Amino acid sequence: MSKIKVLTVFGTRPEAIKMAPLVKELENAQESFESVVCVTAQHRQMLDQVLNLFNINPDYDLNIMKDNQNLWTLTSDVLLKMKEVYESCNPDIVLVHGDTTTSMAAALSAFYAKIPVGHVEAGLRTFDKYYPFPEEINRVFADAVCTYHFAPTDTSCENLIKSAIPKEHIYKTGNTVIDALLYTVENHKADLSGLHLDKNLKTILLTSHRRENFGEPIRNICKAVLELVKNNPQIQFVYPVHLNPNVQKPVYELLDGHPRIHLIEPLEYAPFATLMKESDIILSDSGGVQEEAPSLGKPVLVLRTTTERPEAVKHGTVKLVGTDKDVIVKEVQNLLNNPDEYKKMSEAINPYGDGLACKRIVDILRKEFNK
Ligand code: UD1
Ligand code: UDP
């Protein structure tokens, strides 16, 4: 029987983290699969960090990132350049991930080429087209053109059914992020001494990058950080600052130079996972961090008003706090002052997966293509 040729496409840090274990699983099943990898490099440095960690050498690298890029050029670059990749590679199936512009445009480009597409992390929704922007519409588009929908949870399966996706094309697999996290925590314990954190202080980890938070919201987040360090000599913040200039500029302007606020470059995944484990509280607007932190038993205060990941919110380990300065200060202070509240939020739970999502996806592909 001939091998199934699978082209995995990704471009940003979170897609790379969540697709890397799947690429590895396909490589390990080489009796059935020919695995080909294409990176758009929508992110350059933050993508390369992940490719190095997982030892992935892409077969195609479109190298599209431009400084402070916009959605129009990003979309058209991916759409057009993927046409050439599909013509040269001629895969049996294309796999894309989640909700980035790389994923949406690569899926659309494959649809135009009449190549079936599998969507990993399908079915996440807020049902508000502007939150998160443009991710909500990116994932709706990707789901609409894909044939195979690998949904992480019951909620994401239900969302796909509500979106009129045929039931027989929906597979509940768990989220591959847990595969990536468990592999990394087990195999790559990182040394954080280079961060020069004070072991006697409580550590609050902060990340932010959402487009909805550019401008006033991100400045409010920074002001909350300043107020919290002023009122709490027992805490320190560590903030790996996303390379987007819309984040770098206000964050360095407002927070640089404080001895208990450590502004650092984006961390490689292994040290970041270790840092999550060693932090006391996490403040973030990231999607991936909302999925990873609960399994490490870390409370997450989400700097957004909606989430497409309601599972850990329902369980109480993740709380939506938005970007109002006073609300952020109040919620962090509550966790610092109230041990019962902290304990309630720091129970380890794993609604997003069991570390076997990639294996399930590979088994499903084998079955579907050998029918
Ligand atoms: C993108 C995704 C978002 C995802 C996020 C994860 C879209 C529209 N946005 O947002 O869904 O949550 O990645 O981080 O798909 N940059 C660098 N080096 C890098 C990465 C980024 O310099 O390695 C800078 C560049 O100036 C680039 C800018 O950041 O133009 C913005 O990158 P872009 O991918 O367009 O947006 P993100 O905010 O990273
Ligand atoms: N991450 C990382 N280094 C960092 C910050 C985050 O490796 O300095 C990881 C994090 O563990 C998660 C992913 O990057 O797996 C999330 O990426 P991001 O927040 O950029 O995107 P989102 O998940 O919001 O799309």
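K.L.:
Please provide a residue-by-residue account of the nonpolar core, values included.
P.N.:
In terms of nonpolar packing, the biggest core is built from 58 residues, with Phe10, Leu22, Phe33, Phe54, Leu95, Phe150 and Met276 touching the most fellow members. Here this core takes seven residues from helix α1 (residues 13-28), the largest share from any one element. The contact partners of Leu95, leaving out residues within four places of it in the chain, are Val6, Leu7, Thr8, Val9, Met19, Leu22, Leu26, Gly118, Phe150 and Leu365.

K.L.:
Report on the site of ligand 2, specifying residues and quantitative values.
P.N.:
Around ligand 2 lies a shell of 15 residues, among which Leu267, Ser286, Gly287, Gly288 and Glu292 are the nearest. Between ligand 2 and Arg13, the relevant distance is 2.8 Å, taken from an oxygen atom to a side-chain nitrogen or oxygen of the residue. A distance of 2.6 Å separates an oxygen atom of ligand 2 from a polar atom in the side chain of Glu292. For ligand 2, whose accessible area on its own is 540 Å², the fraction buried by protein is 95%. Residue assignment for the shell around ligand 2 shows that the elements contributing at least two residues are α1, α10 (269-278) and α11 (287-295). Along the lines of polarity and charge, the residues of the shell around ligand 2 split into eight nonpolar, four polar and three charged.

K.L.:
Quick one: what's the story with the site of ligand 1, residue by residue and with numbers?
P.N.:
Ligand 1 sits among 25 residues. The nearest are His43, Gln45, Lys66, Thr101 and Glu135. In the environment of ligand 1, an oxygen atom lies 2.8 Å from a nitrogen or oxygen atom belonging to the backbone of Asn68. With respect to ligand 1, the side chain of Asn244 contributes an N or O atom lying 3.1 Å from an oxygen atom. Contact with the protein chains covers 96% of the free accessible surface of ligand 1, which is 750 Å².

K.L.:
Describe the pattern of salt bridges, and please don't skip the residues or the numbers.
P.N.:
According to the stated counting rule, one finds 28 salt bridges in the structure shown. When the shortest N-O distance is used, the salt bridge between Lys18 and Glu291 registers 2.9 Å. Taken together, the residues Lys18 in helix α1 and Glu291 in helix α11 connect sequence positions 273 residues apart. Note on accessibility: Lys18 and Glu291 belong to one class, buried. We note a salt bridge from Lys359 to Asp363, for which the minimum N-O separation is 3.1 Å. Here Lys359 pairs with Asp363, and both are found in helix α15 (residues 357-369), just four residues apart, close to one helical turn. Lys359 gets classed as partly exposed once you look at its relative accessible area, which sits at 41%. By relative accessible area, which is 32% here, Asp363 ends up partly exposed. Linked through salt bridges whose partners overlap, the residues forming this network are Lys18, Asp99, Glu121, Glu136, Arg139, Glu291, Arg304, Glu308 and Arg309.

K.L.:
How would you sum up the sheet that holds strand β13 (residues 318-320)? Please name residues and give values.
P.N.:
Strand order in the open sheet formed by six strands is β10-β9-β8-β11-β12-β13, with parallel pairing between adjacent strands. The open sheet terminates on both sides in strands that have one partner only, identified here as β10 (261-264) and β13. For this sheet the average axis-to-axis angle between neighbouring strands, irrespective of direction, equals 20°. Here four bridges tie strand β8 (residues 202-207) to strand β9 (residues 235-240), and the two strands are oriented parallel to one another.

How each quantity is defined
Residues numbered from 1 in each chain as written. Chains lettered and ligands numbered in written order. Predicted model: local features only at pLDDT ≥ 70, side-chain atom pairs only at ≥ 80, totals over all residues. Heavy atoms only, no water. Core = buried A, V, L, I, M, F, W, Y, C linked by side-chain atoms within 4.5 Å. Buried < 20%, exposed > 50% of the residue type's maximum accessible area, 1.4 Å probe, protein only. Helix = DSSP H or I, 4+ residues; strand = E, 2+ residues; numbered from the N terminus. Contact = heavy atoms within 4.5 Å. Near = heavy atom within 4 Å. Polar contact = N/O pair within 3.5 Å; in protein donor to acceptor, adjacent residues only side chain to side chain. Areas by Shrake-Rupley, 256 points an atom, 1.4 Å probe, with all protein chains shown as cover. Nonpolar A, V, L, I, M, F, W, Y, C, P; charged D, E, K, R; others polar. Salt bridge = Lys/Arg side-chain N within 4 Å of Asp/Glu carboxyl O. Pairing = 2+ DSSP bridges. Axes fitted to C-alpha atoms, helices over the stretch in contact; angles between N-to-C directions.

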